[in-house]
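So you can see what is in the structure, the chains are spelled out below.
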Amino acid sequence: MKVLITGGHFSPAYSLIKEFKKRGADVIIAGRRYPFEGDRSVSLEYRVSKEEALSFYEVKTGRFQRKFTAYSFTSLLKTPIGLFTSIKILSHANPDVVLTFGGYIGLPVSLAARVLNIPVVLHEQTQKAGLASKIISKFAKRICVSFESSTAFFPRDKVVITGNPVRSEIFESKKKISIPAGRTIYVTGGSTGSHFINSTVSEILPELAPDFVIIHQTGDSLKFHDFEMLLNRQKTLPQSLQKKYILKKFIYPDEIGDVFKKADIIISRSGANIVFEIMAAQKMSLLIPLPYGQNKEQISNARLLKDLGVSEFIEENDVTARKVLNLIHEMFRDQKKYQKNMENVHGFIIRDAAKRIADVVGEVYGKKKS
């Protein structure tokens, strides 16, 4: 079986790649080489394909940007190109099944699969459903969902509740990161980093460092150069505090388990992937949702964790550096309360989600052969 994996929510695909490899399936990746218009830092799917020695096909297509930028109009002009490119990719790669995680990349590839009569399996991460996922669901053979709430947006006879795959590396300390002892904060903006979070942490760094160890994953944006900015900021700290601020562009799979193990609190955006990882690792978190995502999905995710009693969140428009600093201290004072509430997250975690999704893909492939 040859599976082509694509789509905007790519992080869960890492677990699927490993599961398909165990089953002897061939895996191909179709996605973005660069995640943002005008920024040449490489994407997660491109890096994963290189690390796993997988064939990678670049899809250049239009993107409806909810936040207007200088690239919005030219991006939309690429939409027809995306469909023709995807047809060319699928004709060359000839996969048996397309597994898509939705988004503006997943849509043209899935439409091309429809044209070429290649079956499509959709996975929806969010509590609702994005526009691309709603369109893909019309012709997808099966639809895997992470939340029961999203079943209402799709044809019921196609839906399977599989959960959201969480990297097994989250629970494994393969490579240890040497850090000083102390209460530890892990700051992350996802694989691409968050300029907003990076800038906020920079403001309060001199007040954070005396009380906490900070592991800060910045991303590698060639537009903002946040890693370099924060490296210079680190050098302004007293020598004794500089070693308590650990800067990294990326946290690699063999390191992430040790980072999660050592972290007492995680400061992050609230995309579905990081939210599921936070719940699976049972860590308290301070979330700053991306304000302009589709259906305000990140705000919904952040609100879910707050309602479960394991997290706090601040909407970006309300963020001040002082507010973030005060909330960090308050959460550490109430740490036992958050830990006690961790039992509330158990119903949202399905540990064998990757296996369940791979089973669905295998079922669709079996029907195709017959």
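Parameters at a glance
Residues numbered from 1 in each chain as written. Predicted model: local features only at pLDDT ≥ 70, side-chain atom pairs only at ≥ 80, totals over all residues. Heavy atoms only, no water. Helix = DSSP H or I, 4+ residues; strand = E, 2+ residues; numbered from the N terminus. Expected span 1.5 Å × (residues − 1). Buried < 20%, exposed > 50% of the residue type's maximum accessible area, 1.4 Å probe, protein only. Contact = heavy atoms within 4.5 Å. Patch = residues over 30% accessible without salt bridge, like charges linked within 9 Å, V, L, I, M, F, W, Y side chains within 5 Å. Areas by Shrake-Rupley, 256 points an atom, 1.4 Å probe, with all protein chains shown as cover. Salt bridge = Lys/Arg side-chain N within 4 Å of Asp/Glu carboxyl O. Axes fitted to C-alpha atoms, helices over the stretch in contact; angles between N-to-C directions. Parallel < 35°, antiparallel > 145°, perpendicular 65-115°, else oblique. Pairing = 2+ DSSP bridges. Right-handed = clockwise from strand over helix to strand, strands pointing away. pLDDT = per-residue confidence, 0-100. Phe/Tyr/Trp six-rings, centres within 6.5 Å; stacked < 30°, edge-to-face > 60°. Core = buried A, V, L, I, M, F, W, Y, C linked by side-chain atoms within 4.5 Å.

### Thoughts on helix H7 (residues 195–208)
An α-helical turn contains 3.6 residues, so a residue and the one three or four places further along point in the same direction.
Okay, so step 1: An ideal rise of 1.5 Å per residue puts 20 Å on 14 residues; H7 measures up with 18 Å between its terminal C-alpha atoms.
Okay, so step 2: Restricting attention to buried positions, one finds in H7 the residues Ile 197, Asn 198, Thr 200, Val 201, Ser 202, Ile 204, Leu 205 and Leu 208.
Okay, so step 3: Those residues of H7 that are buried are in contact with strand E8 (184–188), strand E9 (213–217), helix H8 (226–235), strand E10 (245–248), strand E11 (265–268) and helix H13 (321–333).

### Overview of a nonpolar patch on the surface
Okay, so step 1: Nonpolar side chains collect at one region of the surface, where Leu 111, Leu 131 and Ile 135 lie side by side and expose about 240 Å² of accessible area between them.
Okay, so step 2: When you line up the elements, Leu 111 lands in helix H5 (residues 103–115).

### Brief notes about the packing of H7 against H8
Okay, so step 1: Interhelical geometry of H7 versus H8 gives an angle of 5° and a closest axis separation of 10 Å. Taken together, H7 and H8 sit at an angle that is classed as roughly parallel. The residues of H8 that touch H7, namely those facing His 195, Asn 198, Ser 202, Glu 203, Leu 205 and Pro 206, are Asp 226, Met 229, Leu 230, Arg 233 and Gln 234.

### Side note on the pairing of strand E5 (residues 120–124)
Okay, so step 1: Where burial is concerned, most of E5 is hidden: 5 out of the 5 residues are buried.
Okay, so step 2: A two-sided burial pattern is seen for E5, the buried positions comprising Val 120, Leu 122 and Glu 124 on one face and Val 121 and His 123 on the other.
Okay, so step 3: Judged from the 3 bridges that link them, strand E4 (residues 97–100) and E5 form a sheet pairing that is parallel. Bridging from a neighbouring strand, Leu 99 pairs with Val 121 of E5.
Okay, so step 4: Regarding the hand of the β-α-β motif, the stretch spanning E4, H5 and E5 is right-handed.
Okay, so step 5: Bridge count between E5 and strand E6 (residues 142–145): 4 bridges; the pairing is parallel. Within the sheet, the bridge partner assigned to Val 121 lies in E6 and is Arg 142.
Okay, so step 6: Between the parallel elements E5 and E6, the chain passes through helix H6 (residues 131–137) in a crossover that is right-handed.

### Re the confidence of the model for the protein
Okay, so step 1: Residues of the protein with pLDDT of at least 70 account for 94%, and the chain-wide mean is 92.
Okay, so step 2: Throughout residues 70–75 the model reports pLDDT below 50, and contacts reaching past four residues in sequence, or to other chains, amount to 10 contacts.

### Quick word on the packing of aromatic side chains
Okay, so step 1: Under the criterion given, the structure shown has 6 aromatic pairs.
Okay, so step 2: Between Tyr 46 and Phe 56, the ring centres sit 5.1 Å apart and the planes meet at 80°, which makes this aromatic pair edge-to-face. Taken as a pair, Tyr 46 in helix H2 (residues 44–51) and Phe 56 in strand E3 (residues 55–58) lie far apart in primary sequence, 10 residues in all.
Okay, so step 3: Take Phe 56: its relative accessible area is 18%, and that puts it in the buried class.

### So, the nonpolar core
Okay, so step 1: One finds Ile 185, Tyr 186, Leu 286 and Ile 328 to be the most contacted residues of the largest nonpolar core, which totals 63 residues.
Okay, so step 2: Setting aside residues no more than four positions away along its own chain, Tyr 186 makes contact with Ile 215, Gln 217, Ile 251, Ile 256, Val 259, Phe 260, Ala 263, Ile 265, Ile 266 and Ile 267.
Okay, so step 3: In this structure, Phe 56, Phe 101, Ile 357 and Val 361 belong to the second largest nonpolar core, which totals 28 residues.

### Examining the sheet that holds E4
Okay, so step 1: The 7 strands lie next to each other as E3-E2-E1-E4-E5-E6-E7, forming an open sheet whose pairing is parallel. The open sheet terminates on both sides in strands that have one partner only, identified here as E3 and strand E7 (159–161). Taken pair by pair, the neighbouring strands of this sheet meet at an average axis angle of 25°, ignoring direction.
Okay, so step 2: Inspection of the sheet shows strand E1 (residues 2–6) paired to strand E2 (residues 26–31) by 5 bridges, in the parallel sense. Looking at E2, one finds that Ile 5 is bridged to Ile 29.
Okay, so step 3: The sheet contacts of helix H1 (residues 13–22) involve E1, E2 and E4, and relative to E1 the element is tilted by about 170°.
Okay, so step 4: The sheet strands contacting helix H15 (residues 353–369) are E1, E4, E5, E6 and E7, and the helix crosses E6 at an angle near 180°.

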